[in-house]
Amino acid sequence: NLLGGLKDDQTILQLYRQCTTQRLNHLFPADVYAHANNSTCQPYRWHQWDSPTTQAFDELNKNVILALTQKEEMPLHSQLLTNIDTKRGGIGITSPRLKAIPSFILATKTTLDTIYNGVYLGKHHKRYILPQPITSLYENQASNPSQLLQLFNKFGPEIATICTKKESNQMEPFITSTKLNICHEQVNASIADRLQADVISTFESDSKHNIEEILDGKLGQGLLDLPRYDQRNRQPNNLFRFNLLRCLRLNIWESNGAELICPLCKQNFDKKGDHLYQCSVIGKKTNTKMHNRWNTSWHEYMNRIMPLVKLADSKAMKEQTGLVKSLRGSRVRPFDSHINLPTISNDGHFRCRLNKIGFDIILCNSDTCPPPSRGGSDAKSNKIITSLIAAEKSKFQRGRATSKARTCRETGITISGEEIIEDLYNSKMQLIPFAISPLGLFGPTMNRFLYGKTIDSNNIHNINATTFPHALKMANRASSDEVPSNILERANDIWRRQHPTENFGLSYKSPDPSTYYTQQFGRDICFATGSAGLEAISLLGDGPLIKSSRNNTCYDALNLFTNCTATNAFR
């Protein structure tokens, strides 16, 4: 009994994921053949195969998750997130429901290829042609009464279209010339796309506004993809359960349909835990710790990644003073951390005319519980991308324009935030806001720098060019060719060229820098952001209150709904 024999929840789920359906693919074709007559699965919904086997596995998956999260019910969107790969926002526990039809079709494709073209004997040998008594069993494929061929004719065209990317006349090239590894890659990508579409359609109202954040994928990788031999990757049970609940968008609190209110700030409170990162009272206790953990991690990562991509020859600097010329001698630190670019570059260096690239970390919330000031009870949540862009804007656009200046205590010099940005811009120091959402989605500026994701507009931050001209210049330069982008892909190319047989992360799970650092970001979400969530729960005391019962005490509220903080997961 896996659940009874081990006490570490993270280990349980990692072992379960590795030792169940991922090891049973060879049984799926037989399941399709055995239960074809009773199945209602249609070709266009081939990823929803139904049979006693698939139902049993889905029930087993659900029971494991319910046991680990100590919940009683699992909504459909959480079941789908369980099946989605960690890189696409889930936890990667697959199901025969998804793989049975493709496994059957690809196995039959291999058989038909052998029938038509002979047995493959190696790259430098002619195929062995099977005798006619065997090949005759598969003649007239389209009208052959064999159940195997009837099933192949029913589902094959859908899978062939995915594998060959052809809408017509796709069956012959699919059978005879499309490589199996290409088929598996295309089918897996299609399953991920279909699952994401299905889960988006089933999300509850408290998850519609931050879909990009939920499906970003870093949190799931931090939960399950990191190697266990490194003690730093191991999460205590209470932290792991909290992060698992957040990853699967399971309710942390159950209120039987009643609306909740935060006992600290008296604002609306959601069941998924998003308010833990939005509450102004809680934030005073947790935000600085969370910020410092992220800053420490990013500083450590830069010291390895920046020399690899030839952006820096020296170690990254952390919270350095004296960068603003007019404020030398003060304690003003415009960046949380920065790198110095080489003054003289050689052929191996990244071509860049900047002197420094600085990063300023800012944490934004998911805005699941919008304040009444935005429209009372009808206030709508901002999209998570909007919240991240607003967080970036607050770093570019500092203060209230040049006329709203402050006097530095150390130097006695009066200077505004806009003038500081002007000084940095003219000194060829580039600010990159590092905006991070609670579930680990990065802002567009940082995503461009790390992953090369395109920024759609020249002024996505909507900065006023008249009031904040230099803030606008800094923001525009951040998304221009003057600033490096997609540095992790560049790191991948350099690493593969220099170390073709080595894994960057010393594990097959992290073969290249991009995979490795994305997983490390996932670990930071689990430990930095997750730990802040647990601390926030402890600050709530007995938990949220029922909104409609203003005179209820916390004790009364606990008798009205199940409070997840009362479980051992949050002790």
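Residues numbered from 1 in each chain as written. Predicted model: local features only at pLDDT ≥ 70, side-chain atom pairs only at ≥ 80, totals over all residues. Heavy atoms only, no water.

### Here we look at the environment of Thr82
Basically, it comes down to this: To qualify as a helix, a DSSP run of H or I must reach at least 4 residues; to qualify as a strand, a run of E must reach at least 2; elements of each kind are numbered from the N terminus. Think of it in three bands: with a 1.4 Å probe and only protein chains considered, a residue is buried below 20% of the maximum accessible area for its type, exposed above 50%, and partly exposed in between. Any two residues whose heavy atoms approach within 4.5 Å at even a single point are treated as in contact.
Mapped onto the secondary structure, Thr82 falls in helix H5 (residues 76–83). Under the relative-accessibility criterion, Thr82 is labelled buried at 2%. Not counting the four nearest positions on each side in its chain, Thr82 is found in contact with Ile65, Met74, Ile91, Gly92, Ile93 and Leu248.

### Observations concerning the sheet that holds strand E9 (residues 545–546)
Operational definition: Any two strands with at least two DSSP-identified bridges between them are counted as paired.
An order of E2-E1-E9 is seen for the 3 strands of this open sheet, with the pairing classed as antiparallel. A single partner strand is all that each edge strand has here, and the edge strands are strand E2 (268–269) and E9.

### Concerning the confidence of the model for the protein
Heads up, the condition is: Per-residue confidence from the predictor is given as pLDDT, running between 0 and 100.
Looking at the protein, pLDDT values average 89 and 91% of them are 70 or higher. Across residues 550–569, where pLDDT falls below 50, the model places 39 contacts with residues more than four positions away in sequence or in other chains.

### Some remarks on the sheet that holds strand E5 (residues 356–363)
We apply this condition: Under this scheme, a helix contributes an axis fitted over its contacting stretch, all axes are lines through C-alpha atoms, and angles between N-to-C directions fall in the 0 to 180 degree range.
One open sheet holds the 4 strands; their spatial order is E3-E4-E5-E8, and the pairing between them is mixed. The open sheet has two free edges, formed respectively by strand E3 (317–318) and strand E8 (429–436), since each of these has just one partner strand. With 4 bridges connecting them, strand E4 (residues 337–340) and E5 associate as antiparallel partners. Bridge assignment links His338 to a residue of E5, and that residue is Gly358. Here helix H14 (residues 280–308) sits on the sheet in contact with E3, E4, E5 and E8, set at roughly 150 degrees to E5.

### Side note on the packing of aromatic side chains
The way to describe two aromatic rings as a pair is by their centre distance and the angle between their planes. Where we set the bar: We call Phe, Tyr and Trp rings a pair once their centres come within 6.5 Å, taking the six-membered ring for Trp, and we label the pair stacked below 30 degrees between planes, edge-to-face above 60, and tilted otherwise. In this scheme, the term charge over a ring applies when either NZ of a lysine or CZ of an arginine sits within 6 Å of the ring centre and within 35 degrees of the ring normal.
If you walk through the whole model with that rule in mind, you get 16 aromatic pairs. Ring centres 4.9 Å apart and planes at 90 degrees place the aromatic pair Phe434 and Phe442 in the edge-to-face group. As far as burial versus exposure is concerned, Phe434 and Phe442 are alike and both buried. On the numbers, 4.9 Å between centres and 85 degrees between planes, the contact of Trp495 with Phe504 is edge-to-face. By relative accessible area, which is 2% here, Phe504 ends up buried. Here the aromatic cluster, defined as three or more aromatic residues joined through ring pairs, consists of Trp294, Trp298, Tyr301, Phe359, Phe434, Phe442, Phe449, Trp495, Phe504, Tyr516, Tyr517 and Phe521. It is Lys453 that lies over the ring of Tyr451; its NZ or CZ is 6.0 Å from the centre.

### Quick look at the packing of helix H17 (residues 444–451) against helix H19 (residues 487–498)
Keep this limit in mind: Angles are sorted into four bins: roughly parallel if under 35 degrees, roughly antiparallel if over 145, roughly perpendicular if 65 to 115, and oblique for all others. As a working rule, the residues Ala, Val, Leu, Ile, Met, Phe, Trp, Tyr, Cys and Pro are called nonpolar, Asp, Glu, Lys and Arg charged, and the rest polar, with Gly in that last group.
Running from N to C, H17 and H19 cross one another at 15 degrees; their axes reach a closest spacing of 4 Å. Taken together, the axes of H17 and H19 lie roughly parallel to each other. Where H17 abuts H19, its residues Phe449, Leu450 and Tyr451 lie against Ile487, Leu488 and Glu489. Tallied by class, the residues present in the contact of H17 with H19 amount to 5 nonpolar, no polar and 1 charged.

### A closer look at the packing of helix H6 (residues 96–117) against helix H8 (residues 147–164)
Running from amino to carboxyl end, H6 crosses H8 at an angle of 110 degrees, the nearest separation of the two axes being 9 Å. Considered as vectors, H6 and H8 are oriented roughly perpendicular to each other. Across the interface between the two elements, Ile101, Pro102, Phe104, Ile105, Thr108, Lys109 and Leu112 from H6 touch Leu148, Leu149, Leu151, Phe152, Phe155, Gly156 and Ile159 from H8. Of the residues assigned to the contact of H6 with H8, the class counts are 11 nonpolar, 2 polar and 1 charged.

### What to know about the pattern of salt bridges
Heads up, the condition is: One speaks of a salt bridge when a side-chain nitrogen belonging to Lys or Arg is within 4 Å of a carboxyl oxygen belonging to Asp or Glu.
Taken as a whole and assessed by the stated rule, the structure comprises 21 salt bridges. Arg88 is the partner of Asp193 in a salt bridge, and the nearest nitrogen-oxygen pair spans 2.5 Å. Taken together, the positions of Asp193 in helix H10 (residues 180–202) and Arg88 in the loop between H5 and H6 put the pair 105 residues apart, joining distant regions of the chain. The partly exposed category is assigned to Asp193, whose relative accessible area is 45%. Each member of the salt-bridge network shares a partner with another, and the members are Glu204, Asp206 and Lys272.

### Overview of the state of the cysteines
The following threshold applies: Two cysteine sulfurs form what is called a disulfide whenever their separation falls within 2.5 Å.
Under the criterion given, the structure shown has 0 disulfides. In this structure Cys279 is not part of a disulfide, and its nearest cysteine sulfur, from Cys265, lies 3.7 Å away.

### A word on the pairing of E8
Buried residues dominate E8, accounting for 8 of its 8 residues. What you see with E8 is no split at all: Met429, Leu431, Pro433 and Ala435 on one side and Gln430, Ile432, Phe434 and Ile436 on the other are buried throughout. Across 8 bridges, E5 lies against E8 in parallel orientation. Looking at E8, one finds that Leu363 is bridged to Ile436.

### Considerations on helix H4 (residues 52–69)
Which entries qualify depends on this criterion: To estimate how far a helix should reach, multiply one less than its number of residues by 1.5 Å.
The end-to-end C-alpha distance of H4, which contains 18 residues, comes to 26 Å, matching closely the 26 Å that a straight helix rising 1.5 Å per residue would cover. Those residues of H4 that fall on the buried side of the exposure criterion are Thr54, Phe57, Asn61, Val64, Ile65, Leu66, Leu68 and Thr69.

### Topic: helix H13 (residues 237–247)
Side chains that are three or four residues apart share a direction in an α-helix, a result of its 3.6 residues per turn. Counting buried residues in H13 gives 9 out of 11 residues, a clear majority hidden from the surface. Along H13, the residues that are buried comprise Leu239, Phe240, Arg241, Phe242, Asn243, Leu244, Leu245, Arg246 and Cys247. The inward-facing, buried residues of H13 abut helix H2 (9–19), H4, H5, helix H12 (218–224) and helix H20 (513–539). Arg249 lies just past H13 and shows a positive phi near 55 degrees.

### Brief notes about the pairing of E4
For E3 and E4, the ladder comprises 2 bridges, and the chain directions are antiparallel. Across the sheet, residue Met317 finds its bridge partner in E4, namely His338.

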